[in-house]
Amino acid sequence: MLVIALDTSTPAVTAGLVALDDGPPRALAERVTVNPRAHGELLMPQLLDVMTEAGRELGDADAIVVGAGPGPFTGLRVGMATAAALGQACGRPVHPVCSLDAIAAQATAEGPLLVATDARRKEVYWAAYDAARARIDGPHVQRPADVPTDGFAAAAGEMAEALGIAVVEPRYPTPVGLVAAARAALQGEPAPLVPLYLRRPDAAEPGKRKSVLTRGGK
Amino acid sequence: MTADRVVLGIESSCDETGVGLVRLAADGTVELLADAVASSVDEHARFGGVVPEIASRAHLAAMAPTMRRALDESGLELSDVDAIAVTAGPGLAGALMVGVAAAKAYAAALDVPLFGVNHLGGHVAVDTLEHGPLPQRCLALLVSGGHTQLLLVEGIGEQVTEIGSTIDDAAGEAYDKVARILDLPYPGGPPIDKQAKLGNPKAIAFPRGLTGPRDAKYDFSFSGLKTAVARWVETEQREGREIPVADVCASFQEAVADVLTAKAVRAARDLDVDTLVISGGVAANSRLSELAAQRCAEAGITLRVPRPRLCTDNGAMIAALGAHVLAAGAKPSPLDMPANPGLPVGTIVVQ
Ligand SMILES: [Zn+2]
């Protein structure tokens with residue numbers, strides 16, 4: 001089957017067309033640009049470049065896989081909104097995958113693995129995986145120092161360095177990693193397209209109104 | 001080029017997710033086919049104003065279902081759509097990006113042109129769905145929680161020029177703040193309007209902002225009015241007197257409606273324009289429309305106010321503007337178009 005893979009949960013803007021048959025997934029074409037400020041501008045042109053390079057139309061894809069985060073909210077939503085609209089317009093299922101799972105699926109290490117990406121505010125999004133790359137903990141959002149590293153020899157993801165253990169590739173989700181992580185899900189009904197925000201919106205209920213008379217009559 | 005064309009509009013600049021469908025006829029007239037809106041207003045109520053992140057999350061969740069409702073309402077399928085228009089700005093950055101990303105994907109998947117259009121122009125264009133074509137020149141007064149602007153419109157798909165705007169709070173924002181002062185619910189427009197009908201508009205002489213001889217003729221200011229209301233209420237409370245809520249509301253509303261209509265009518269006269277369109281969420285306010293009707297009649301100006309449902313943010317207004325720019329022969333927007341929270345009023349279509 002042909003799968004469109006999209007992810008905007010990290011500074012990388014990722015679009016690819018992946019062939020999935022009996023063997024490992026193969027990228028037919030992909031575009032990955034690292035630019036944390038231009039997800040909305042870059043994603044769709046990159047996807048159209050991908051389709052042109054692969055000699056395919058958007059409607060030729062059998063399914064869409066999208067990284068559901070966790071990731072900085074505004075960028076993350078670009079990929080999710082794009083995937084949802086493509087799926088609706090083309091009449092194709094859209095499967096969300098945890099973006100950290102996509103990184104883990106491609107990690108160049110043996111044994112248990114940690115994946116960490118940038119959550120800003122001096123925190124990381126992280127998850128833990130067993131040797132078979134099944135997620136055993138997470139995703140969570142915490143300070144790097146609070147991530148339990150005992151029993152893990154290696155970490156992947158753009159914030160792997162911050163965990164103080166051996167660092168392995170990749171730093172960002174790839175189209176092949178996304179499809180590999182979604183492999184089982186692609187056989188069934190798609191899960192709801194819900195982003196993994198992990199944080200509540202910043203919003204404070206207004207307190208008691210300040211006096212205008214005691215503000216010097218301003 | 002003579003066949004009817006179906007234009008889909010997507011709106012996500014604030015707290016309403018809107019999808020609308022219109023039909024552009026060969027003669028340039030535009031007909032409403034569907035108008036589906038999902039609002040996150042209730043989720044913002046306890047914060048006393050729109051929380052951008054809450055709005056953005058709601059847009060993402062609501063986009064596909066709202067699209068489905070609009071299509072069902074019109075009896076059309078996405079494959080019937082000939083062009084897509086989306087609000088490119090102005091508005092909340094994160095909220096706009098959801099609509100723009102979705103619109104690009106719909107346009108690419110359907111292989112139809114995409115127009116990133118101006119939200120403010122949409123508020124004017126929507127009136128053509130109700131009252132037919134606009135004259136070549138008209139004046140528009142946009143009043144809502146996010147905008148308070150006077151626009152000179154010379155061809156709705158062609159040229160829009162801002163001739164005045166608020167220098168501080170939007171009119172709707174002043175309503176929300178005054179509602180809070182009086183312990184009335186958010187959004188403040190409807191409860192204040194309701195109370196005002198029971199009160200005396202002349203009870204309290206609240207200030208009319210920027211109406212001095214040297215003030216900018218067409219600009220507005222509502223911050224001083226809001227502070228004056230707060231000070232008046234607080235003084236009364238300190239004196240141990242009960243607050244006459246209906247009179248405060250009526251007097252406040254009178255001050256808002258007086259300034260808005262006086263400046264709009266003056267601008268129409270100065271610019272020799274004979275049609276005034278009032279749109280935006282506050283256009284539904286009873287005193288504003290009443291006073292505008294009275295003053296326009298006295299000045300010989302034709303007043304056009306779309307029905308309340310069309311005045312608030314929706315996708316139909318964006319579809320309507322999209323239809324007019326399509327009819328005017330505008331070039332489509334590129335797929336790398338950014339959402340622009342500060343899109344200038346004069347930019348009708350992003351190129
Ligand atoms: Zn608006």
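Residues numbered from 1 in each chain as written. Chains lettered and ligands numbered in written order. Predicted model: local features only at pLDDT ≥ 70, side-chain atom pairs only at ≥ 80, totals over all residues. Heavy atoms only, no water.

- By the naming in an unreviewed UniProt entry, chain B is tRNA N6-adenosine threonylcarbamoyltransferase, taken from Saccharopolyspora elongata.
- The record in UniProt for chain B states the following under Catalytic activity (unreviewed entry): "L-threonylcarbamoyladenylate + adenosine(37) in tRNA = N(6)-L-threonylcarbamoyladenosine(37) in tRNA + AMP + H(+)".
- Database annotation for chain B, UniProt heading Subcellular location (unreviewed entry): "Cytoplasm". (UniProt positions renumbered as here; feature names shortened; annotations may be inferred.)

## Quick word on the overall build of chain B
Then step 1. Within chain B, the secondary structure is distributed over twelve helices and ten strands.
Then step 2. Here chain B has a C-alpha radius of gyration of 20 Å; the compact-globule value for 351 residues is 20 Å, and the two agree.
Then step 3. Across its three principal axes, chain B shows a C-alpha extent of roughly 65 × 45 × 30 Å.
Then step 4. Here chain B holds 351 residues, and the buried ones make up 58% of them. (Helix = DSSP H or I, 4+ residues; strand = E, 2+ residues; numbered from the N terminus. Rg over C-alpha atoms; globule rule 2.2 N^0.38 Å. Buried < 20%, exposed > 50% of the residue type's maximum accessible area, 1.4 Å probe, protein only.)

## Some points on the sheet that holds strand β1 (residues 5-11) of chain B
Residues and elements named next belong to chain B.
Then step 1. Taken in spatial order, the five strands make up an open sheet running β3-β2-β1-β4-β5, and their pairing is mixed. The two strands at the open ends of the sheet, each matched to only one other strand, are β3 (30-39) and β5 (114-118). The average undirected angle you get between the axes of adjacent strands in this sheet is 20°.
Then step 2. Here β1 pairs with strand β4 (residues 83-89) via four bridges, running parallel. Looking across to β4, one finds that L8 is bridged to I84.
Then step 3. Helix-sheet contacts for helix α2 (residues 52-74) involve β1, β2 (16-24) and β3, and the interaxial angle to β3 is about 145°.
Then step 4. The strands touched by helix α12 (residues 315-327) within the sheet are β1, β2, β3, β4 and β5, with β2 carrying the most contacts at an inclination of about 40°. (Pairing = 2+ DSSP bridges. Axes fitted to C-alpha atoms, helices over the stretch in contact; angles between N-to-C directions. Contact = heavy atoms within 4.5 Å.)

## Regarding the UniProt feature "binding site: Fe cation" (unreviewed entry) in chain B
All names here are of chain B.
Then step 1. In the numbering adopted here, UniProt assigns the feature "binding site: Fe cation" (unreviewed entry) to H119, H123 and D313. Of the residues just listed, which span 195 residues, no C-alpha pair is farther apart than 8.7 Å, and they cluster in one region.
Then step 2. Structurally, H119 can be placed in helix α4 (residues 119-125).
Then step 3. H119 sits in the buried class, given a relative accessible area of 0%.
Then step 4. Ignoring any residue separated from it by four or fewer positions in sequence, one finds H119 in contact with E11, S13, T87, G89, P90, H147, D313, M317 and I318.
Then step 5. At 2.9 Å, the side chain of H119 forms a polar contact with the side chain of E11. (Polar contact = N/O pair within 3.5 Å; in protein donor to acceptor, adjacent residues only side chain to side chain.)

## Things to note about the coordination of the zinc ion
All names here are of chain B.
Then step 1. Coordination of the zinc ion by the protein is provided by H119 (NE2), H123 (NE2), H147 (NE2) and D313 (OD), with metal-donor distances spanning 2.1 to 2.4 Å.
Then step 2. Relative to the metal, the four donor atoms surrounding the zinc ion lie at angles of 87 to 162°, and the coordination shape comes out irregular.
Then step 3. Site description for the zinc ion: donor spacing in sequence, H-x3-H-x23-H-x165-D. Of this pair, H119 and H123 are both found in helix α4, four residues apart, which corresponds to roughly one turn of the helix. (Donors = N, O, S within 2.8 Å, 3.2 Å for Na, K, Ca; no water. Tetrahedral: all angles 85-135°; square planar, octahedral: opposite > 155°, others 65-115°.)

## A closer look at the domain arrangement of chain B
Accessible area lost when the parts come together is the quantity often used to give the size of an interface.
Residue and element names in this part refer to chain B.
Then step 1. According to the domain assignment, chain B contains domain 1 (5-130 + 310-328) and domain 2 (137-305).
Then step 2. Summarising the inter-unit geometry, the C-alpha centres of domain 1 and domain 2 are found 27 Å apart.
Then step 3. Counting residues at the interface gives 21 residues for domain 1 and 19 residues for domain 2.
Then step 4. A combined buried area of about 1500 Å² lies between domain 1 and domain 2, and 71% of that area is made up of carbon and sulfur atoms.
Then step 5. Summed over the three residues of domain 1 that lose the most area to domain 2, namely V124, D127 and C311, the buried surface amounts to 36% of that side.
Then step 6. Residue D127 is joined to R304 by a salt bridge in which the shortest nitrogen-to-oxygen separation is 2.5 Å.
Then step 7. Contributing elements (two or more residues each) for the side of domain 1 that touches domain 2: α1 (41-44), α4, α5 (127-131) and α12.
Then step 8. For the side of domain 1 that touches domain 2, the element with the most residues is α4, which contributes six residues. (Domains from an automatic or database assignment. Buried area = accessible area lost by both parts, 1.4 Å probe. Salt bridge = Lys/Arg side-chain N within 4 Å of Asp/Glu carboxyl O.)

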